[in-house]
Amino acid sequence: RLWPIVFLIFGINFFRSKNTTPGLIFFLLGLSLLAKTVFSINFSQVLWPIIIIGIGVSLFFKDEKRKEKQEEFKEEIKKDTYSKTVIFGEIKKKIESKDFKGGELNVAFSEVALDLRDVQVSKGGAKMHINCAFGEVKLLVPKECRIKSRGNGVLGEWKVILNKRDESEPTFEITGTALLSSVELRD
């Protein structure tokens, strides 16, 4: 009967990592299910409109916060590959490498910004695969390589905003899918 406590724990963990929207959703969902199973009280008639209003308000304030902040990358990583799965979060990373080979990004309900401008692509080339659902990925690519992009936007967009490049440089191949999302590749 106490299984909804799992949702409460997830909600508290999201609050600790400063992800207030998913934290609020999981906490209220856990509280509602716990009240229903333990006390036979049905909060679902009131809870769902509150969750929808909360998501709308948080999206409004998130846009305001985004306007205030410029691209600041919180953490530098020195690796030759980078793979990450992000669910209900926000990541801004700067990657540095002298022999970058690529990686994979799996993003859901999140915002990810990767700065790869300081990497040197491996002489054999590099490959990165991006899967994004209900989120946003911004990839700042290095200038000293040729970019091959094959991405699909399913009710979303896959944007490539790049200047002309030298065809003899190593190739950085970026593939993936944007499902109800935005993936942007730029200099």
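Before reading on, note that the structure itself is shown above.
What counts, and where the lines are drawn
- Residues numbered from 1 in each chain as written.
- Predicted model: local features only at pLDDT ≥ 70, side-chain atom pairs only at ≥ 80, totals over all residues.
- Heavy atoms only, no water.
- Patch = residues over 30% accessible without salt bridge, like charges linked within 9 Å, V, L, I, M, F, W, Y side chains within 5 Å.
- Areas by Shrake-Rupley, 256 points an atom, 1.4 Å probe, with all protein chains shown as cover.
- Salt bridge = Lys/Arg side-chain N within 4 Å of Asp/Glu carboxyl O.
- Helix = DSSP H or I, 4+ residues; strand = E, 2+ residues; numbered from the N terminus.
- Buried < 20%, exposed > 50% of the residue type's maximum accessible area, 1.4 Å probe, protein only.
- Expected span 1.5 Å × (residues − 1).
- Arc of directions from axis to C-beta.
- Contact = heavy atoms within 4.5 Å.
- Phe/Tyr/Trp six-rings, centres within 6.5 Å; stacked < 30°, edge-to-face > 60°.
- Pairing = 2+ DSSP bridges.
- Axes fitted to C-alpha atoms, helices over the stretch in contact; angles between N-to-C directions.

Peer 1: So what exactly am I meant to see when it comes to a nonpolar patch on the surface here?
Peer 2: A surface patch of nonpolar side chains, about 560 Å² in accessible area, is lined by F109, F134, V154, L155, L179 and L180. Relative to the helices and strands, V154 resides in strand 8 (residues 146-154). A relative accessible area of 39% means that V154 is categorised as partly exposed.

Peer 1: What is the right way to read the pattern of salt bridges from this model?
Peer 2: Between side chains of opposite charge, a pair can form as their charged atoms come close. The final tally for this structure, using the stated rule, is seven salt bridges. When the shortest N-O distance is used, the salt bridge between K159 and E157 registers 4.0 Å. For E157, a relative accessible area of 35% gives the class partly exposed. As a salt-bridge pair, R186 and E184 come within 2.5 Å of each other at their nearest N and O atoms. Where salt bridges share partners, they join E157, K159, E184 and R186 into one cluster.

Peer 1: When you look at helix 1 (residues 5-16) in this model, what are you seeing that I'm missing?
Peer 2: Given 3.6 residues per helical turn, the α-helix brings residues three or four places apart onto the same face. The terminal C-alpha atoms of helix 1, which comprises twelve residues, lie 17 Å apart, in line with the 16 Å expected from a rise of 1.5 Å per residue. Restricting attention to buried positions, one finds in helix 1 the residues L8, G11 and F14. Taken end-on, helix 1 shows its buried residues confined to a sector of 125°, consistent with a single buried face. Buried positions along helix 1 lie against helix 2 (20-39) and strand 2 (81-87). Among the residues trailing helix 1, K18 stands out with phi positive, at a value near 65°.

Peer 1: Help me understand the packing of aromatic side chains, please; the structure alone is not making it clear to me.
Peer 2: To describe a pair of aromatic rings, one takes the distance between the centres and the angle between the planes. Applying the stated rule across the entire model yields seven aromatic pairs. When the ring of F7 is compared with that of F26, the centres are 6.0 Å apart and the planes differ by 25°; the resulting orientation is stacked. A residue pair is termed long-range when its members are at least 10 positions apart, and F7 in helix 1 and F26 in helix 2 qualify at 19 residues. What makes F26 buried here is its relative accessible area of 18%. Ring geometry for F10 and F26: centres 5.9 Å apart, planes at 45°, overall tilted. Of the two residues, F10 is situated in helix 1 and F26 in helix 2; the sequence distance between them amounts to 16 residues. Taken together, the ring pairs in this structure connect W3, F7, F10, F26, F88, F109 and F134 into an aromatic cluster.

Peer 1: I tried to follow the sheet that holds strand 2 on my own but got confused; where do I start?
Peer 2: Strand pairing in a sheet takes place through backbone hydrogen bonds and is either antiparallel or parallel in direction. Overall, parallel pairing links the five strands, which are arranged 2-4-6-10-8 in an open sheet. Of all the strands in the sheet, the pair left with one neighbour each is strand 2 and strand 8. Strand-to-strand twist across the sheet, computed as the mean angle between neighbouring axes with direction ignored, equals 5°.

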